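A closer look at the structure
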Amino acid sequence: MAKTQLNVRVDEATAETARERASQRGISVNRYIEELVQQDEGESGRAFVQAAADFMQRYEQVFDEEFGGRSEGSR
């Protein structure tokens with residue numbers, strides 16, 4: 001995958017924390033930030049799936065009434 005440069009400005013305390021955490025994990029600050037963004041993206045995806053499941057569970061009866069429900073064999 002091609003890489004692109006991203007410049008960000010953070011306060012010194014945040015920069016030092018990022019350096020320390022990356023060092024503790026034995027990775028570069030760039031890799032550390034990359035992993036944080038990927039982790040955040042994964043959490044958002046999981047939150048979306050959970051919200052969709054909650055919606056379907058909450059409105060299952062409405063869908064069943066509107067569209068005839070599921071057949072017994074598909075449950």
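The structure this text deals with has already been given above.
All values derive from a computational prediction rather than experimental measurement.

Calculation notes
- Counting restarts for each chain: residues are numbered from 1 in the order of the written sequence.
- Note on the predicted model: pLDDT of at least 70 is required for a residue's local features to be given, and 80 or more for side-chain atom pairs to be given and counted; whole-chain, interface and lining totals, by contrast, use all residues.
- Side-chain measures here rest on the full set of heavy atoms in the structure, leaving out hydrogens and waters.
- In the sections that follow, a salt bridge refers to a side-chain nitrogen of Lys or Arg positioned within 4 Å of a carboxyl oxygen of Asp or Glu.
- For the purposes of this entry, the term helix denotes a DSSP run of H or I that reaches at least four residues, the term strand denotes a run of E that reaches at least two, and both are numbered from the N terminus.
- For each residue, the accessible area found with a 1.4 Å probe, counting protein chains only, is set against the maximum for its type, and the residue is called buried under 20%, exposed over 50%, and partly exposed in between.
- Any two rings among Phe, Tyr and Trp, with Trp reduced to its six-membered ring, count as a pair given centres within 6.5 Å; such a pair is stacked if its planes are under 30 degrees apart, edge-to-face if over 60, and tilted if neither.

A word on the pattern of salt bridges. This structure, assessed with the given rule, holds 6 salt bridges. One salt bridge connects Glu16 with Arg19, and the closest N-O pair in it is separated by 3.3 Å. Of this pair, Glu16 and Arg19 are both found in helix 1 (residues 12-25), 3 residues apart, which corresponds to roughly one turn of the helix. Of the residues examined, Glu16 reaches a relative accessible area of 34% and is grouped as partly exposed.

Attention shifts here to the packing of aromatic side chains. Counting across every chain of the model gives 1 aromatic pair. Taking 4.9 Å as the distance between ring centres and 45° as the angle between the ring planes, the aromatic pair formed by Phe55 and Tyr59 counts as tilted. Its relative accessible area of 43% is what places Phe55 among the partly exposed residues. Under the relative-accessibility criterion, Tyr59 is labelled partly exposed at 36%.

In this section: helix 3 (residues 60-67). Counting buried residues in helix 3 gives 0 out of 8 residues, a small share hidden from the surface. Following helix 3 by one or two positions, Gly68 has its phi on the positive side, about 90°.

Turning next to the environment of Asn30. Among the secondary structure elements, Asn30 is positioned in helix 2 (residues 29-58). Between the C-alpha atom of Asn30 and that of Asp11, which follows or precedes it by 19 residues, the distance is 17 Å.

Any link to function would need more than the numbers given here.
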